[in-house]
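# Descriptive analysis of the structure
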Amino acid sequence: MDSMRWRVLVYVTPKDGILDPQGKAVEHALSTMGFGQVKDVRVGKYIELDLGAVEKAQAEQKIKLMCE
């Protein structure tokens, strides 16, 4: 039996109410480029994980723990 592998995509962004200076800088830059209709830009990170040798329910549990 082949071991199971999971490709997990995680998006990390600041919580609402937390200052996001990168987002504000992007929002300002877009405004100066003529895109003033863009509001409340949030900048985050994108992480890909390759998780192997666990069942789906166990993979979901492990990823949830990692993200918390």
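Being a predicted model, the structure only gives us computed values, none of them experimental. (Residues numbered from 1 in each chain as written. Predicted model: local features only at pLDDT ≥ 70, side-chain atom pairs only at ≥ 80, totals over all residues. Heavy atoms only, no water.)

A complete count under the given rule lists four salt bridges for this structure. Residue K64 is joined to E68 by a salt bridge in which the shortest nitrogen-to-oxygen separation is 2.9 Å. Overall, the relative accessible area of 52% leaves K64 in the exposed class. Take E68: its relative accessible area is 67%, and that puts it in the exposed class. (Salt bridge = Lys/Arg side-chain N within 4 Å of Asp/Glu carboxyl O. Buried < 20%, exposed > 50% of the residue type's maximum accessible area, 1.4 Å probe, protein only.)

With that out of the way, let us pick up the layout of surface pockets. Its boundaries defined by the atoms lining it, the largest pocket holds a volume of some 150 Å³. V10, Y11, V12, I47, L49, I63, M66 and C67 are the residues that line the largest pocket. Of all the elements in the fold, those that place two or more residues in the lining of the largest pocket are β1 (5-12), β2 (45-52) and α2 (56-67). Here the residues of the lining of the largest pocket sort into eight nonpolar, no polar and no charged. (1 Å grid on protein atoms, 1.4 Å probe; cavity = no way out; pocket = protein on both sides within 12 Å on 5 of 7 lines; lining within 4 Å. Points joined across faces, edges and corners; volume = space filled by probe spheres on them. Helix = DSSP H or I, 4+ residues; strand = E, 2+ residues; numbered from the N terminus. Nonpolar A, V, L, I, M, F, W, Y, C, P; charged D, E, K, R; others polar.)

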